[in-house]
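# Observations on chain architecture
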Amino acid sequence: MNAQPDAGDSVQHVDVLIIGAGLSGIGAASQLTRELPGKSYLVLESRPRMGGTWDLFRYPGVRSDSDMFTLGYRFKPWRGDKALADGAAILDYVRETAGEYGVDRHIRYDRRVVAADWDSEAARWSVTVETEREDVGGGSLKVREHYTCSFLWACSGYYDYDQGYSPSFPGIADFAGTVIHPQHWPQALDVEGKRVVVIGSGATAVTLVPALAQAGAGHVTMLQRSPTYVLPVPGVDVIGQKLKKVLPEKASYMVTRWKNVAQATLLFQASQRWPGPVRRLIRRLNARMLPEGYPVDTHFKPTYGPWDQRMCLVPDGDLFRAIKQGGASVATGTIETFDETGIRLASGEHLDADLVVTATGLNLLAFGGMTLSVDGEPIDLTQTMAYKAMMLSGIPNFAYTIGYTNASWTLKADLVAEYVCRLLAHLDATGARTAVPVRDPEIAEEPFMDFSAGYVLRALDRLPKQGSTEPWKLRQNYVHDVRTIRRGAIDDGVLSLR
């Protein structure tokens, strides 16, 4: 049903309109409250609850794939013990932050932003939102609400919350069992005694496999087309726990945070510069935790270099432990077809299954799918260039939050929030009303993300570009960004302020 305008709903204006009440949106609103308490703002969330990813994903074992001392906000210490925390604990942390800074009173749920148009003369955005209202007949009716704001901030992440990526598998209609995607996990699903095949080898798959084995599945097979780098890490940050005992909370948190930033940065840099030794090190760690004689090179030797795609972290090697204990196994090969009782591989091997989980990835969706226009002219995102990986050329008073692919999402989200607050303060101090990155036509275009993951490659032709030099170049380096984003000048000659 097409949305109808709601004439009875007056247009509401705020200084800042934030889209998304997940980890990024709650962090953005909290920083705004801390740094610029006089600014009016609203957070519009398309779902009925806050939490974003951590409210959406409910599959067994769901957890962070970055350590919590860097996935936590810079301004609010993570108090849990686990280095890789479970989804419920992260959701509690997000909710606690929202309550602590009063953000929860500024959220409007079930509001999907569908369009935003910048009016240069008025120096404000007009934002169109879809929501549902009760119909007089007892059903529901989609209606439109309208907001205006001086600054628009997209914190909706970069993937489609409605639908995950599911390839077309031959013969899947013949399968007599159950097929589910982790993004839509049925809470009442019982896996006790069932033969489970998890298709995929990314962060979701390596989380699900040991969790399902522990939940009593008869056997769990991780079916992968090709191997992924899987790195065992301690489940508890021992140094962080010791620092808690001798330092004040904020001090111990910051020291542990920077320790983990340094470790992650060194691992990434070493992987890029010396891929061979890093590859061999990870193989030794894998072999040490697997049964003697296990075909490590068949199932855990990727064809690409370390960190060419995101590396999977497993706390205390739980995936390897499940394999060693016999509750899980890995099959590497391509699917020929589904049949009534399971999956037949091109090699001829048959995987019997009662339940198949398609942990096959996500679909990217830029800015929650909303359309942008300036003075009524639609914006083609592919013709824009990303400025400091948080604003777009030619689009005034607009910022977006997207985290790192090689480190914690929140490290970048915090930096974006700090920058936007500095930018807004600068506008107030100088009397300027607009800030827009001005693209230099001499700067060469490059893909938005230099990352070979499937979900990125499938969407590159619909995304903005990045440039060959700064500030249009995405560095994927937190230490570098601390210098250029947290401490760099606002009026840098590229950002037009007027």
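You'll find the structure just up there.
No experiment lies behind these values; they were computed from the predicted model shown.

To continue, consider the nonpolar core. Note that soluble globular proteins tend to have their nonpolar side chains buried in a common cluster. Residues Leu152 and Phe398 are the most contacted members of the largest nonpolar core, which totals 127 residues. In terms of residue count, the dominant contributor to this core is helix H11 (residues 409-430) (12 residues). Beyond its immediate sequence surroundings of up to four residues, Leu152 is in contact with Leu17, Ile19, Ala116, Trp125, Val127, Met370, Leu372, Asn397, Phe398 and Ala399.

A word on the sheet that holds strand S14 (residues 335-339). Ordered in space as S14-S15-S16, the 3 strands form an open sheet in which the pairing is antiparallel. Lying at the two open borders of the sheet, with one neighbouring strand each, are S14 and strand S16 (350-352). Strand-to-strand, the axes of this sheet are offset by a mean angle of 20°, without reference to chain direction. Sheet topology places S14 next to strand S15 (residues 342-345); 4 bridges connect them, and they run antiparallel. Note on S15: the bridge partner recorded for Phe338 is Ile343.

Right, let's get into the pairing of strand S17 (residues 355-358). Side-chain alternation along S17 places Leu355 and Val357 on one buried face and Val356 and Thr358 on a second face that is also buried. The pairing of strand S8 (residues 178-180) with S17 spans 3 bridges and is parallel. Looking across to S17, one finds that Val179 is bridged to Val356.

Right, let's talk about the side chain of Asn477 for a bit. Along the chain, Asn477 falls in the loop between strand S25 (465-467) and helix H13 (478-486). Engagement of the side chain of Asn477 in a polar contact is seen with the backbone nitrogen of His480, the distance being 3.0 Å. Ignoring any residue separated from it by four or fewer positions in sequence, one finds Asn477 in contact with Gln269 and Tyr404.

Restricting attention to buried positions, one finds in H13 the residues Tyr478, His480, Asp481, Val482, Ile485 and Arg486. Those residues of H13 that are buried are in contact with helix H7 (249-273) and H11. The N-cap residue of H13 is Asn477: its side-chain oxygen and the backbone nitrogen of Val479 are 3.1 Å apart.

Basis of the calculations
Residues numbered from 1 in each chain as written. Predicted model: local features only at pLDDT ≥ 70, side-chain atom pairs only at ≥ 80, totals over all residues. Heavy atoms only, no water. Core = buried A, V, L, I, M, F, W, Y, C linked by side-chain atoms within 4.5 Å. Buried < 20%, exposed > 50% of the residue type's maximum accessible area, 1.4 Å probe, protein only. Helix = DSSP H or I, 4+ residues; strand = E, 2+ residues; numbered from the N terminus. Contact = heavy atoms within 4.5 Å. Pairing = 2+ DSSP bridges. Axes fitted to C-alpha atoms, helices over the stretch in contact; angles between N-to-C directions. Polar contact = N/O pair within 3.5 Å; in protein donor to acceptor, adjacent residues only side chain to side chain.

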